[in-house]
Amino acid sequence: MDRIRSALFTFATNFLVGYVLGRLLKDRDAGVRAGMVLGSLGAVASWRLSGRFDDVRVEPTSEPIEIEIDE
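Calculation rules
- Residues numbered from 1 in each chain as written.
- Predicted model: local features only at pLDDT ≥ 70, side-chain atom pairs only at ≥ 80, totals over all residues.
- Heavy atoms only, no water.
- Axes fitted to C-alpha atoms, helices over the stretch in contact; angles between N-to-C directions.
- Helix = DSSP H or I, 4+ residues; strand = E, 2+ residues; numbered from the N terminus.
- Parallel < 35°, antiparallel > 145°, perpendicular 65-115°, else oblique.
- Left-handed = near helix turned anticlockwise from the far one by under 90°.
- Nonpolar A, V, L, I, M, F, W, Y, C, P; charged D, E, K, R; others polar.
- Buried < 20%, exposed > 50% of the residue type's maximum accessible area, 1.4 Å probe, protein only.
- Patch = residues over 30% accessible without salt bridge, like charges linked within 9 Å, V, L, I, M, F, W, Y side chains within 5 Å.
- Areas by Shrake-Rupley, 256 points an atom, 1.4 Å probe, with all protein chains shown as cover.
- Salt bridge = Lys/Arg side-chain N within 4 Å of Asp/Glu carboxyl O.

(A) Here's a closer look at the packing of helix H1 (residues 3-25) against helix H2 (residues 28-49). Interaxial distance between H1 and H2 falls to 6 Å at its minimum, and their mutual angle equals 150 degrees. In terms of orientation, H1 lies roughly antiparallel with respect to H2. The handedness of the crossing between H1 and H2 comes out as right-handed. Taken together, the residues of the contact of H1 with H2 sort by class into 12 nonpolar, 11 polar and 3 charged.

Shown next, in the form of structure tokens:
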């Protein structure tokens, strides 16, 4: 999933969770405010972290050490 779609999906999911929780605890306005806050935070985090976990390849930084053992 690309960066924009990931951020939009995360915003929608977090908005829904915040809206439902705010609506249950107070009223519709509190639900919308909580949804906007959680959605925005989630979208920003998703935008910032996108692509960081895709490339799990680790490049060696130095040559391997070879140890000779005389028997």
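Anyway, onward from the coordinates.
(B) Structural detail: the environment of Arg 48. Its location among the elements puts Arg 48 in helix H2. The exposed category is assigned to Arg 48, whose relative accessible area is 52%. Separated by 45 residues in the primary sequence, Arg 48 and Arg 3 have C-alpha atoms spaced 9.0 Å apart.

(C) View of a nonpolar patch on the surface. Residues Leu 16, Val 17, Val 20, Leu 21, Leu 24, Leu 25 and Leu 38 make up a contiguous nonpolar surface patch of about 690 Å² in total accessible area. Looking at the nonpolar patch element by element, the count peaks at 6 residues for H1. Secondary-structure assignment places Leu 25 in helix H1.

(D) Representation of the pattern of salt bridges in the model. For the coordinates displayed, the defined rule picks out 1 salt bridge. The partner of Asp 2 in a salt bridge is Arg 5, with the nearest N and O atoms 3.1 Å apart. In this structure Asp 2 comes out as partly exposed when scored by relative accessible area, which is 37%.

Fair warning: the whole summary comes from geometry, so function is off the table for now.
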